[in-house]
Amino acid sequence: MRIDLHLHSAVSDGTDSVEQLVRKAHSQGLDVIGLCDHDTFDGIEQAKAAADKVGIEVICGIEISCAVGDTSIHLLGYGCDRSNQKLNAELAHIRESRLNRIPKMCAKLTDLGMPITFAEVLAQADQAGSVGRPHVADALVAAGYVANRKEAFDNLISADNLAYVPRYATELAVAIDLVHQAGGAAVIAHPWARGADQVITAEYLATLLHQTQLDGIEVDHQEHNEIQRTQLRELANSLGLITTGASDYHGLGKTDHEMGCNTTSLTDYSKLMERITARGGVS
Ligand code: AMP
Ligand code: FE
Ligand code: FE
Ligand code: ZN
């Protein structure tokens, strides 16, 4: 069984439509995929219908924009009841803040001599209900200011760059509880990527686990090197956390994150499904 539990579609910042994504997963020989768009469940129903047609399984997932202090942390929620009101209210709050920051980023880019409009960014976001910096990057590419998303992030829109504007993010422990209340299982995405290793320490994880009953951590991810993967796996084993592996595929939006480049073992996948069943969630 080939299981890739973290993929993005054009419903957030991936570039494949939901149907393209599911067909590609099937053609790449994946048996189970987790659709984890940023802060929205919009693509799930369509993905499940497309998966039924080709004979693979789609797990309902989400990647929630969280924070620990000032550090951005992503939380994967699997098997949540998509109609849970508290979770949906929080996701709506994040999406609203995602949208509100865009005109401010456009103004900063315009001041930097790269005039770009809110409308241009929305055109790049197309049908996406969850608008993000990658769409700002796409608008910059379309206007000819940068060659690709990476260049936009490297030089203009990362947290330490001039055109950056922060947005609201849910406190990590609160988001874990929301996932649990919706019947799901909570897994910290790429816990040591992009400087988060300074925050997601062994001590912090132990405390968080005590506080929230966190279910797992994503260990096999392209932004973790081999040493980090080994250390994270040992840490997870010592704390009794489930370990997952996934591509974090974004279509053309992110290089070196090809579908199926990391996978989750059947054992860990089964443990995750057991947690969801025990909490009354829906996979
Ligand atoms: P946002 O949540 O809108 O602030 O944007 C963060 C998203 O941008 C992340 O979820 C990544 O998918 C994406 N991202 C971050 N760095 C890069 C990069 N260097 N190239 C492409 N996408 C990136
Ligand atoms: Fe993303
Ligand atoms: Fe992420
Ligand atoms: Zn992701």
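Up top is the structure.
Residues numbered from 1 in each chain as written. Chains lettered and ligands numbered in written order. Predicted model: local features only at pLDDT ≥ 70, side-chain atom pairs only at ≥ 80, totals over all residues. Heavy atoms only, no water.

Undergrad: Before we go on, may I ask you to explain the pattern of salt bridges in this structure?
TA: In this structure the tally under the stated criterion is 13 salt bridges. Among the salt bridges present, the one from E45 reaches R82, with a minimum N-O distance of 4.0 Å. Residue E45 is located in helix 2 (residues 44-54), and its partner R82 is located in the loop between strand 4 (71-78) and helix 3 (85-111); the two are separated by 37 residues in the primary sequence. Residue classification places R82 among the partly exposed residues on the basis of a relative accessible area of 27%. Two residues, E223 and K254, come together in a salt bridge whose shortest N-O distance is 3.9 Å. Taken together, the residues span a long stretch of sequence, with E223 in the loop between strand 7 (216-220) and helix 9 (226-239) and K254 in the loop between strand 8 (242-245) and helix 10 (266-279) at a distance of 31 residues. On the basis of relative accessibility, which here comes to 25%, the residue E223 falls in the partly exposed class. Each of the salt bridges in this network shares a partner with another, and the network as a whole consists of R194, E223, D248 and K254. (Salt bridge = Lys/Arg side-chain N within 4 Å of Asp/Glu carboxyl O. Helix = DSSP H or I, 4+ residues; strand = E, 2+ residues; numbered from the N terminus. Buried < 20%, exposed > 50% of the residue type's maximum accessible area, 1.4 Å probe, protein only.)

Undergrad: I'm lost on a nonpolar patch on the surface in this one. Help?
TA: A grouping of L99, F118 and L122 is seen on the molecular surface, where their side chains present a nonpolar patch of about 210 Å² in accessible area. Examined against the element boundaries, F118 turns out to sit in helix 4 (residues 118-125). According to the relative accessible area criterion, F118 is partly exposed, its value standing at 32%. (Patch = residues over 30% accessible without salt bridge, like charges linked within 9 Å, V, L, I, M, F, W, Y side chains within 5 Å. Areas by Shrake-Rupley, 256 points an atom, 1.4 Å probe, with all protein chains shown as cover.)

Undergrad: When you look at the coordination of the zinc ion (ligand 4) in this model, what are you seeing that I'm missing?
TA: Six octahedral donors around a metal ideally make angles of 90 or 180 degrees; four tetrahedral donors ideally make 109.5 degrees. Donor atoms from the polypeptide that bind the zinc ion (ligand 4) are H6 (NE2), H8 (NE2), E63 (OE) and D248 (OD), placed at 2.1 to 2.2 Å. Given four donor atoms and angles of 79 to 170 degrees at the metal, the environment of the zinc ion (ligand 4) is assigned as irregular. Each donor residue of the zinc ion (ligand 4) belongs to the same chain, with the gaps between them written as H-x1-H-x54-E-x184-D. In this structure, the zinc ion (ligand 4) lies 4.6 Å away from the iron ion (ligand 2). Taking relative accessible area as the criterion, H8 reaches 0% and is therefore assigned buried. (Donors = N, O, S within 2.8 Å, 3.2 Å for Na, K, Ca; no water. Tetrahedral: all angles 85-135°; square planar, octahedral: opposite > 155°, others 65-115°.)

Undergrad: Mind showing me how you'd approach the site of ligand 1 here?
TA: Taken together, 15 residues form the shell around ligand 1, and within it H38, R98, R101, R133 and R167 come nearest. Residue R101 places a side-chain N or O atom 2.9 Å away from an oxygen atom belonging to ligand 1. Separating an oxygen atom of ligand 1 from a side-chain N or O atom of K254 is a distance of 3.4 Å. Expressed as a share of its isolated accessible area of 500 Å², the protein-covered part of ligand 1 is 89%. Of all the elements in the fold, those that place two or more residues in the shell around ligand 1 are helix 3, helix 5 (133-142) and helix 6 (149-157). At three residues, helix 6 tops the list of elements feeding residues into the shell around ligand 1. Of the residues in the shell around ligand 1, the class split is two nonpolar, five polar and eight charged. (Near = heavy atom within 4 Å. Polar contact = N/O pair within 3.5 Å; in protein donor to acceptor, adjacent residues only side chain to side chain. Nonpolar A, V, L, I, M, F, W, Y, C, P; charged D, E, K, R; others polar.)

Undergrad: Is there a simple way to explain the coordination of the iron ion (ligand 3) in this structure?
TA: Around the iron ion (ligand 3), the donor atoms from the protein are E63 (OE), H74 (ND1) and H190 (NE2), and they sit 2.0 to 2.2 Å away. Each donor residue of the iron ion (ligand 3) lies on one chain, and together they are spaced E-x10-H-x115-H. Between the iron ion (ligand 3) and the iron ion (ligand 2) there is a metal-metal distance of 5.5 Å. With E63 in strand 3 (residues 57-68) and H190 in the loop between strand 6 (185-188) and helix 8 (202-212), the pair connects residues that are 127 residues apart, well separated along the chain. Judged by its relative accessible area of 6%, H190 falls in the buried class.

Undergrad: Would you take a moment to explain the side chain of D16 for this structure?
TA: Locating D16 in the fold gives a position in the loop between strand 1 (3-7) and helix 1 (18-27). Comment: no salt bridge for buried D16; closest opposite-charge side chain is K24, at 5.0 Å. Of note is the side chain of D16, whose polar atom sits 2.6 Å from the side chain of Y249. Non-local contacts of D16, meaning those with residues more than four positions away in its chain, are made with S9, A10, L21, K24, Y249 and G251. (Lys, Arg positive; Asp, Glu negative; His and termini not counted. Contact = heavy atoms within 4.5 Å.)

Undergrad: Explain the environment of A206 here, please?
TA: Within the fold, A206 resides in helix 8. As for A206 and A236, which are separated by 30 residues in sequence, their C-alpha atoms are 9.8 Å apart.

Undergrad: Hey, could you run me through the pairing of strand 2 (residues 32-35) in this one?
TA: Consecutive residues of a regular strand have side chains that alternate between opposite faces of the sheet. Both faces of strand 2 are covered, namely the face carrying V32 and G34 and the face carrying I33 and L35. Direction of pairing for strand 1 relative to strand 2: parallel, over a ladder of three bridges. Looking at the pairing, D4 lines up with I33 of strand 2. Of the crossover connections in this fold, the one passing from strand 1 over helix 1 to the parallel strand 2 is right-handed. Where strand 2 lies against strand 3, four bridges are found, and the strand directions are parallel. Pairing of V32 across the sheet is with E57, part of strand 3. (Pairing = 2+ DSSP bridges. Right-handed = clockwise from strand over helix to strand, strands pointing away.)

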